[in-house]
Amino acid sequence: MSLPLLLKDLKNNIILLLVFVVMMSIYLSVIIFMYDPSGIGAFMDMMSLLPVSLVNALGFSTVDAGLTGFIASLYYGFLIYLFPMVYCIILGNRLVVKWVDDGSFACLLSTPNSRIKIIFTQGLYMLLSIMFLFIILYIVGIGVSASLFKGVLDVLIFSKLNLSACLMTMTIGMICFFFSCVFNNTNLSLLFGAGIPILFFLFDMFGGMAQSLAFLKKYSLYSLFNGLAIIKGEANITMISTVFAVTILLLFAGSIAIFQYKRLPIQG
Amino acid sequence: MIAVKDATLKYSNGKGIFDLNFKVQKGEVFGCMGPESAGKTTTISMLMGFSRLNKGVATIAGLNCAKKAATIKKNLGYIPGELAFFENMRVNEFLNFMAHMRGKTQKNQKIREALIERFELETRGKIERLSIEMKQKLAIVTAFMHDPEVLLLDEPTSNLDPRMQTRFVDLILEEKKRGKTILIASQKFGEIERTCDRVAVIKEGHIVEQNEAIKLKSAETKSYLVKFGAPPNLEELKRYGFGFKKLAENNYEITAAGDHIDLLVKVLSKEKVIVFNSNAQTLEEIFLKYYGKEMQKA
């Protein structure tokens, strides 16, 4: 790991990270604020205005009555896919392929740092920044819940939700990162690095929309993560986390290996 | 110091370098000549470890360029042919970053300051705002500031004005005196001629001529373009063994051995000389021998 490079990554991308941290924290706070302990009437009234298929697609159809369930379905059901995915796509592109494409990667390689070390640092920044995002969300979630509805949030389940959502996002991040390492051209990297997560997202959304499309969910990484199943204690957190963690490691190792051996098109 | 043996690196478009062989001794300045896409940059790309070879081996200080790239870089300075920096950084910030990446921060501060002063590099602004000439200067400072033993320079003066080109040539000559090993890829005959001990001419990925003779030829025989006010005494020139070629009425190209220039001046002092120009085209002539047709078309 190269510390100067990690610091440069931080400096380059801190604004991007903060935008997502702030935006997602506000969303989480608003959703907790919308919770009505006496029932979820107000929210369901609002949802009834929307077409049923849309409500299903967004995963809002089965809203649990408790606060934790409320958060799980409204926040960890839809928003947790979309926003971090955008973050991963932008960051993944910035960390490697952008510099390869515009040639500035040559600056890094003219210093006594191996490709392995450089790519490891870049991937590490991806994972650390996602971890930071979820730590903040965890703190915000617990903090806002405690101040508005003392003792109502099931902290253990909320932790499990956050942990698996964090690992899921890291997996998506690593997919973007992987293609950023594979390709030398920003457009190709985006085609796959953004295309695949978006496909996962669409599969998951359409899969929830109608029974006939339910098979699509099988092909989506996002389906591994199911907020409501975690709430009901039906999900095997250890298994899910392991699958995500192994996928992350494989993609990371693959990124490094491919980058290590490939030809860089630097017009040196 | 630098050794390339049977190096072949093919690109998918059929270009690349083929069976390249050359060596650069420690303390030597080696020039790589050739026009666009002849293989100069690919040669440097191979030495920098950006691209692995299909065949053959390239080493610097005995270390394999592809496998030991990071170790080699400890003592290597590099000027890229296509200037690309982190555009959103400030110049000083970038130089600091590069120094940190190299892990040497304090030791070489003086060298860096001297280089900045020498090339009049503007250090405050953002890199994206710099002119192309400033960027070229930044590349030079970046390559030399850690006082490396080996330098790989791709078109190092391409964007410099003549005054800065001269300063760059001086820098190369100083570094050479200090025992640095330098490889320069360039299309400019002047700077190659003034700095390099040996020259290789690359054409379509092959080295077509490589020896000291190229350099020696240009050192041995000097050529001058002379314009006379009246028809000169050609017999006198002939008698002292100078070669001459009539270019136009009273216009001659006169050639003299490197150690007979003072004699030539004495002989010419008897004539009415209007113009006396040094014709430093020798290397270019050799170059044109291989590239004549293309160059004339262009």
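Okay, so let's go over this structure. Worth saying up front: this structure is predicted, and the values here are computed from it rather than measured.

About the thresholds
Residues numbered from 1 in each chain as written. Chains lettered and ligands numbered in written order. Predicted model: local features only at pLDDT ≥ 70, side-chain atom pairs only at ≥ 80, totals over all residues. Heavy atoms only, no water. Helix = DSSP H or I, 4+ residues; strand = E, 2+ residues; numbered from the N terminus. Buried < 20%, exposed > 50% of the residue type's maximum accessible area, 1.4 Å probe, protein only. Contact = heavy atoms within 4.5 Å. Phe/Tyr/Trp six-rings, centres within 6.5 Å; stacked < 30°, edge-to-face > 60°. Core = buried A, V, L, I, M, F, W, Y, C linked by side-chain atoms within 4.5 Å. Pairing = 2+ DSSP bridges. Axes fitted to C-alpha atoms, helices over the stretch in contact; angles between N-to-C directions. Polar contact = N/O pair within 3.5 Å; in protein donor to acceptor, adjacent residues only side chain to side chain. Patch = residues over 30% accessible without salt bridge, like charges linked within 9 Å, V, L, I, M, F, W, Y side chains within 5 Å. Areas by Shrake-Rupley, 256 points an atom, 1.4 Å probe, with all protein chains shown as cover. Salt bridge = Lys/Arg side-chain N within 4 Å of Asp/Glu carboxyl O. Parallel < 35°, antiparallel > 145°, perpendicular 65-115°, else oblique. Left-handed = near helix turned anticlockwise from the far one by under 90°. Nonpolar A, V, L, I, M, F, W, Y, C, P; charged D, E, K, R; others polar. Buried area = accessible area lost by both parts, 1.4 Å probe.

**Looking at the overall build of chain A**
Item 1. Counting its secondary structure elements, chain A contains eleven helices and zero strands.
Item 2. By the burial criterion, 53% of the 268 residues in chain A qualify as buried.
Item 3. The long-range fraction of contacts in chain A, counting pairs at least 24 apart against all pairs at least 6 apart in sequence, stands at 78%.

**Quick look at the environment of Phe244 of chain A**
All names here are of chain A.
Item 1. Topologically, Phe244 is positioned in helix α11 (residues 237-261).
Item 2. Take Phe244: its relative accessible area is 0%, and that puts it in the buried class.
Item 3. In this structure, the C-alpha to C-alpha distance between Phe244 and Met170, residues 74 residues apart in sequence, is 8.2 Å.
Item 4. In this structure, Phe244 is in contact with Ser164, Leu167, Met168, Thr171, Leu221, Leu224 and Phe225, ignoring residues within four places of it in sequence.

**Details of the packing of aromatic side chains**
Item 1. Within the structure shown, the criterion is met by 27 aromatic pairs over all chains.
Item 2. On the basis of an interplanar angle of 65 degrees and a centroid distance of 5.4 Å, the ring pair of Phe20 of chain A and Tyr87 of chain A is categorised as edge-to-face. With Phe20 of chain A in helix α1 (residues 3-34) and Tyr87 of chain A in helix α4 (residues 67-95), this pair connects stretches of sequence that are 67 residues apart.
Item 3. Ring geometry for Phe85 of chain B versus Phe94 of chain B: centroids 5.3 Å apart, planes at 80 degrees, classification edge-to-face. Here Phe85 of chain B and Phe94 of chain B have matching classes, each one buried.
Item 4. The rings of Trp99 of chain A together with Phe85, Phe86, Phe94 and Phe97 of chain B are connected pair by pair, giving a single aromatic cluster.

**Details of the nonpolar core**
Item 1. Ranked by size, the top nonpolar core spans 154 residues in total, and within it Ile80 of chain A together with Phe144 and Leu152 of chain B carry the most contacts.
Item 2. Formed by eleven residues, the second largest nonpolar core is a distinct cluster that contains Val226, Phe242, Ala256 and Leu268 of chain B.

**Overview of the sheet that holds strand β1 (residues 2-10) of chain B**
Residues and elements named next belong to chain B.
Item 1. If you walk across this open sheet you meet the four strands as β2-β1-β4-β5, and the pairing is antiparallel. Each having just a single partner strand, β2 (16-24) and β5 (63-64) make up the two edges of the open sheet.
Item 2. Seen against the sheet, helix α1 (residues 40-48) touches β1, β2 and β4 (55-60) and runs at an angle of roughly 115 degrees to β1.

**Some words on the side chain of Ser25 of chain A**
Residues and elements named next belong to chain A.
Item 1. With respect to the helices, strands and loops of the structure, Ser25 is situated in helix α1.
Item 2. A relative accessible area of 11% places Ser25 in the buried class.
Item 3. A distance of 2.6 Å separates the side chain of Ser25 from the backbone oxygen of Val21, its partner in a polar contact.
Item 4. Leave out the neighbours within four places in its chain, and Ser25 touches Ile136, Leu137 and Val140.

**Focus: a nonpolar patch on the surface**
Item 1. A surface patch of nonpolar side chains, about 450 Å² in accessible area, is lined by Met1, Leu3, Leu7, Leu10 and Phe120 of chain A.
Item 2. Broken down by element, the residue count for the nonpolar patch peaks at three residues, all from α1 of chain A.

**Here we look at the packing of helix α3 (residues 91-102) of chain B against helix α5 (residues 132-144) of chain B**
Residues and elements named next belong to chain B.
Item 1. Axis separation between α3 and α5 bottoms out at 11 Å; the angle between their running directions is 25 degrees. Comparing their axes, α5 and α3 come out roughly parallel. You can see that α3 and α5 cross each other, and the crossing is right-handed. Of the residues in α5, those in contact with Val91, Phe94, Leu95, Met98 and Arg102 of α3 are Leu138, Val141 and Thr142.
Item 2. A per-class count over the contact of α3 with α5 returns six nonpolar, one polar and one charged.

**Concerning the pairing of β2 of chain B**
Residues and elements named next belong to chain B.
Item 1. The pairing of β1 with β2 spans six bridges and is classified as antiparallel. Bridging across to β2, Val4 finds its partner in Phe22.
Item 2. The antiparallel hairpin formed by β1 and β2 contains five residues in its connecting segment, where Gly14 sits at a positive phi of about 90 degrees.

**Regarding the interface of chain B and chain A**
Item 1. Counting from both sides, the interface comprises 32 residues of chain B and, opposite them, 28 residues of chain A.
Item 2. Carbon and sulfur atoms supply 60% of the area that chain B and chain A bury against each other, a total of about 2500 Å² over both sides.
Item 3. Counting every contact that joins chain B to chain A gives one salt bridge.
Item 4. As a salt-bridge pair, Glu93 of chain B and Lys11 of chain A come within 2.4 Å of each other at their nearest N and O atoms.
Item 5. The interface formed by chain B and chain A contains nine residue pairs in polar contact (both at pLDDT 80 or more).
Item 6. When contributions to the side of chain B that touches chain A are tallied by element, the ones reaching two or more residues are β1, α1, α2 (69-73), β6 (76-79) and α3 of chain B.
Item 7. Among the elements that make up the side of chain B that touches chain A, the one with the highest residue count is α3 of chain B (seven residues).
Item 8. Residue composition of the side of chain B that touches chain A, grouped by class: 16 nonpolar, eight polar and eight charged.

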